[in-house]
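Examining the three-dimensional arrangement
One letter stands for each residue in the lines below.
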Amino acid sequence: MDYLNLEELFLPEQLLVRDTVREFVRSEIRPVIDSYAQDHREIPDLMRKLGAVGALGPFIPVEYGGAGLDLISYGLIMQELEVGDSAIRSAASVQSSLVMFPIYKYGSEEQRLRFLPKLATGELIGAFGLTEPNHGSDPGSMETKLVRDGDGYRLSGAKMWITNAPLCDIAVVWARDEEKKIRGVIVERGFAGFTTPETKNKWSLRASKTGELVFEDVFIPQANVLPEVSSMRGPLSCLNSARYGISWGAIGAAVDCYETALRYAKERTQFGKPIAAFQLQQKKLAEMLTEICKAQLLSLRVGQLKDEDRATAAQISMAKRNNVHMALQVAREARQVLGAMGIVGDYPIMRHMMNLESVITYEGTHDIHLLITGMDITGISGFQ
């Protein structure tokens, strides 16, 4: 779907990346995603498949296992993956923006060489630990602690709502040290005292494993501490990268819902003609398409700014908030076009809608992003 001829604005290599991932989703994800979501199971070997198609850390330099792509290409990858399902995009987003990005940006050369190539192939699965049971929108009040112990630290606390937690081989975890500084550490599976209980009975992101990261006096060697950051700048910069990718991903979910509704409206006959012939259905379809086009332009512009290293956190917040809200509204309108058929697993709309109820909350809630933008335009914080 390219109503505004946006393909003219992309480079040939960007379109090649998009088309490669689009074919992967068409062949590997679409045929199976509904059954895995219905059964609350993750797709087997998903991370290695994502690694093979170049969807993990695509903006990471080649020398560390990435593809060295620009950030618009990264956005297009996220868009195509979420056409398949938010859980698929979430897995790639966490691995890329929340695990590989901080190791690349704030890690030592030894950490980059040790972890990034295996994360890029999906041989290692990563998780990101920031949100806590008592602190979601206010991560600065985190309670997870690092206490100096010889040539390392002892890590105590818990993180919650963590994508890939039950599967992860490593987790990039943010905690407060004895000097009240926020530090990132790489926790490895097998470290004594580190457990990852699964969160069950989800109605959303059912094709993805979610869980907790629990640390009971876990020893973290100094070699696993990210050396180049000691403030909230670390996790917030990771969130900016993830939020940017989400702004593209939400477009993918919206496109799948819109295209499903359009096909159905042309095929479904009532009162002797396709329901696409009725004015109210055309209104729904026209408004859905308009909002999708606006979201595409917003993410494209933010991507251009990110590639120039000029995008602000507030601009990224605007794109994430707007595009996820748009996608959720499109899913709801598309469900109405399908009527009762919209709730069954034969069509992807209800699955997308349930997923988007998580996406509109994680990586900054809808309201938090409004406050970020509001503070930016007024110069006054509305958080207190």
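Below or above, wherever it landed, is the structure these notes cover. Per chain, the residues get numbers from 1 upward, laid out in the order the sequence is written. Local features in a predicted model are, by the rule used here, given only for residues with pLDDT of at least 70; side-chain atom pairs are given and counted only at 80 or more, and totals for whole chains, interfaces and linings are based on all residues. Calculated side-chain values reflect all of the structure's heavy atoms, with hydrogen atoms and water omitted.

Focus: the side chain of Ser-208
Put simply, the rule is: A run of H or I in DSSP counts as a helix once it spans at least four residues, and a run of E counts as a strand once it spans at least two, with each numbered from the N terminus. Working rule for contacts: check all heavy atoms of both residues, and any pair within 4.5 Å makes them a contact.
Within the secondary structure, Ser-208 is located in the loop between strand E6 (194-195) and strand E7 (210-221). If near-sequence neighbours (up to four positions away) are discounted, Ser-208 is found in contact with Ala-87, Thr-163 and Lys-202.

Quick word on the environment of His-352
Tracing the backbone shows His-352 in helix H10 (residues 349-359). Through-space distance from the C-alpha of His-352 to that of Ala-327 is 8.9 Å; in sequence the pair is 25 residues apart. Non-local contacts of His-352, meaning those with residues more than four positions away in its chain, are made with Glu-82, Val-83, Gly-84, Asp-85, Ala-253, Asp-256 and Cys-257.

Describing a nonpolar patch on the surface
Using the following cut-off: Residues qualify for a patch when their relative accessible area is over 30% and they have no salt bridge, like charges being joined within 9 Å and the nonpolar side chains of Val, Leu, Ile, Met, Phe, Trp and Tyr within 5 Å. Here the open area of atoms and residues is found with the Shrake-Rupley method and a 1.4 Å probe, where only the protein chains shown may cover a residue. Any Lys or Arg side-chain nitrogen located within 4 Å of an Asp or Glu carboxyl oxygen qualifies as a salt bridge. For every residue, the accessible area obtained with a 1.4 Å probe (protein chains only) is divided by the maximum for its type, and the residue is called buried under 20%, exposed over 50%, and partly exposed between those limits.
A contiguous nonpolar surface patch, about 320 Å² in accessible area, is contributed by Tyr-3, Leu-4 and Leu-297. Residue position: Tyr-3 is located in the segment before helix H1 (12-29). Taking relative accessible area as the criterion, Tyr-3 reaches 60% and is therefore assigned exposed.

With respect to the packing of helix H5 (residues 86-106) against helix H6 (residues 109-121)
Note the following rule: Note on geometry: axes are C-alpha line fits, over the in-contact stretch for helices, and angles between N-to-C directions span 0 to 180 degrees. What sets the label is the angle itself: under 35 degrees gives roughly parallel, over 145 gives roughly antiparallel, 65 to 115 gives roughly perpendicular, and the rest give oblique. By convention, the crossing between two helices is left-handed when the near helix turns anticlockwise from the far helix through less than a right angle, and right-handed when the turn is clockwise. Gly is put with the polar residues, along with every residue not named as nonpolar or charged; the nonpolar set is Ala, Val, Leu, Ile, Met, Phe, Trp, Tyr, Cys and Pro, and the charged set is Asp, Glu, Lys and Arg.
One can describe the packing of H5 onto H6 by two numbers: an axis separation of 9 Å at closest approach and a directional angle of 160 degrees. Accordingly, the angle class assigned to the pair H5 and H6 is roughly antiparallel. Handedness of the H5/H6 crossing: left-handed. Taking contact as the criterion, the partners of Gln-95, Val-99, Met-100, Ile-103, Tyr-104 and Lys-105 in H5 are, on H6, Gln-111, Arg-112, Phe-115, Leu-116, Leu-119 and Ala-120. Residue classes in the contact of H5 with H6 are distributed as 8 nonpolar, 2 polar and 2 charged.

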